[in-house]
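# Coordinates in review
Residue-level listing of the chains:
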Amino acid sequence: MKNYKLALVGATGLVGQTALKVLEEFKLPIAEYVFFASSKSAGKKISFNGKEYTIRELKEDSFDEGFDFAVFSAGGDTSKHFSPIAASKGCIVVDNSSAFRMDPEVPLVVPEVNPEEISKNKGIIANPNCSTIQAVVPLKVLDDNYKIKRIVYSTYQAVSGAGQKGVLDLENGINKSGEELVKFPYPIFNNCLPHIDVFLDNGYTKEEIKMINETRKILKKPNLKVTATTVRVPVINCHSEAINVEFEKDFDIDELKNKLKSSKGIILEDDPQNNLYPLATKANNHDEVYVGRIRRDESVPFGINFWCVADNIRKGAATNAIQIVQELINNDK
């Protein structure tokens, strides 16, 4: 068995800490791990797989010692600078930032959806946006069977998607601590903010455009009609999405539900008579995408509405990245 070596960049951040848990759970055949972070965190000790590790500072020569894989969860600027360096040393980078997602030379991968793209990498593989990842898992199933014509996204995104500062803003509001806001322009406690990432000249936010463009790239439908409204809500973790889909042909609603139920990575919770539908509290700390509230959109000939919930830090970031590494290892056998 090959002795793989993996680097985790951004090991002390919210996604990085979750990646550590996921790596422990997945038990990949990796013989050596090295954990990197900024100079502020260098020297800190962390426990992983029953051993103590020292966080190293990420530097220009950090990848000279040789790595098979590197998972980057340290922000776009760090990825832009260090990912090409790592790739040039023969390391395959799985990047959690938005830095390379729309680069035509970089695969944008959700393993349940387009695993065939992994082998096309030239040293860097992009992890999609968290809200896109959970959406395309059921959408791929629907497109394969009924051919999607149009998608309308309405998202209800947890504060953990904004990192530790986003969580802090909500906690301070709950505790009525009087602390100044550190992440959001308005209090998130008892509030909903239709504002994720920066506003663009067309009135959309960057988050909304990410969802539109990434969905088209992952589904390989560059001209697909997609629109989005993304909203930050006072929930600690797990994104919820109301998704409206219009198809090119008719469908049987029971067959459609069964197609989703039997698909990898999806848990169908769709029993409205018994109040069974996806909840953030249920999806928390899980890797599957929960789907329910499936019903015909009676305003168009061939359409549905459904509700989609997933843990945005696990499936929406850390787990998806580790699943890509898992596929890389499986492909190397």
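Source: prediction; values computed, not measured. (Residues numbered from 1 in each chain as written. Predicted model: local features only at pLDDT ≥ 70, side-chain atom pairs only at ≥ 80, totals over all residues. Heavy atoms only, no water.)

### So, the environment of Y146
Filter applied, for reference: A helix here means a DSSP run of H or I that spans at least four residues, while a strand means a run of E at least two residues long, and both kinds are numbered starting from the N terminus. Any pair of residues with heavy atoms lying within 4.5 Å of one another is described as a contacting pair. The definition of a polar contact used here is a pair of N or O atoms within 3.5 Å, where within protein one atom must be able to donate a hydrogen and the other to accept one, and adjacent residues in sequence count solely through side-chain atom pairs.
Within the element layout of this structure, Y146 appears in helix α3 (residues 130-146). Residues Y146 and E246, spaced 100 residues apart in sequence, show a C-alpha to C-alpha distance of 9.3 Å. Those residues in contact with Y146, other than ones at most four positions away along the chain, are F247, E248, K249, D250, F251, D252, E255, L256 and K259. Within the local environment of Y146, its side chain forms a polar contact with the side chain of E255, the two groups lying 2.8 Å apart.

### Digging into the packing of aromatic side chains
The following threshold applies: The rule is short: rings of Phe, Tyr and Trp, with Trp giving its six-membered ring, pair when the centres are within 6.5 Å, and they are stacked under 30 degrees, edge-to-face over 60, tilted in between. Accessible area is worked out with a 1.4 Å probe on protein chains only. A residue is then buried under 20% of its type maximum, exposed over 50%, and partly exposed in between.
The full count for this structure, using the stated rule, is 14 aromatic pairs. Where F35 meets Y53, the ring centres are 5.1 Å apart and the plane angle is 75°; that geometry is what we call edge-to-face. Residue F35 is located in strand β2 (residues 30-37), and its partner Y53 is located in strand β4 (residues 51-54); the two are separated by 18 residues in the primary sequence. Like F35, the residue Y53 is buried in the burial classification. The interplanar angle of 65° and the centroid separation of 5.9 Å between the aromatic rings of F48 and Y53 together place this pair among those described as edge-to-face. Since its relative accessible area comes to 0%, F48 is described here as buried.

### Notes on the layout of surface pockets
Quick note on the threshold: With a 1 Å grid spanning the protein atoms alone, the term cavity applies to any set of points in which a 1.4 Å probe fits but cannot get out, the term pocket to an open set with protein on both sides within 12 Å along at least five of seven lines, and the term lining residue to any residue with an atom within 4 Å of a point. Grid points are joined across faces, edges and corners, and a volume is the space filled by probe spheres set on the points. Polar here means any residue other than Ala, Val, Leu, Ile, Met, Phe, Trp, Tyr, Cys and Pro, which are nonpolar, and Asp, Glu, Lys and Arg, which are charged; Gly is therefore polar.
Put simply, the largest pocket is a space of about 1,500 Å³. If you go around the largest pocket, you meet 49 residues; those closest to its centre are A74, G75, G161, A162 and G163. Where the lining of the largest pocket is concerned, the elements lending two or more residues are α1 (14-26), α2 (76-88), α4 (164-175), α5 (206-219) and α8 (314-331). Counted by class, the lining of the largest pocket contains 17 nonpolar, 23 polar and 9 charged residues. Each pocket or cavity is described by its volume, and for the second largest pocket that value is around 240 Å³. If you trace the second largest pocket, you find 13 residues lining it, with L14, T18, K21, N237 and I313 closest to the centre. The dominant element in the lining of the second largest pocket, judged by the number of residues it contributes, is α1, at 4 residues. Tallied by class, residues from the lining of the second largest pocket come to 4 nonpolar, 6 polar and 3 charged.

### Description of the sheet that holds strand β10 (residues 225-232)
Note the following rule: When DSSP finds at least two bridges between two strands, those strands are taken to pair. The axes used here are C-alpha line fits, helices contributing only the stretch in contact, and every angle between their N-to-C directions lies in the interval 0 to 180 degrees.
Taken in spatial order, the 6 strands line up as β10-β9-β11-β14-β13-β12 in an open sheet, and their pairing is mixed. Both edges of this open sheet fall to β10 and β12 (266-268), since each of them pairs with a single strand only. Direction aside, neighbouring strands of the sheet carry axes that sit 20° apart on average. Helix-sheet contacts for helix α6 (residues 253-261) involve β11 (239-247), β12, β13 (289-296) and β14 (303-310), and the interaxial angle to β13 is about 175°.

### A few points about unusual backbone geometry
Despite not being glycine, C238 has its phi angle at roughly 90°, a positive value. Along the polypeptide, C238 turns up in the loop between β10 and β11. Judged by its relative accessible area of 1%, C238 is buried. The backbone of R293 sits at a positive phi, close to 55°, despite the residue not being glycine. Within the element layout of this structure, R293 appears in strand β13. Overall, R293 belongs to the partly exposed group, its relative accessible area being 39%.

This is a description of form; function is not addressed.
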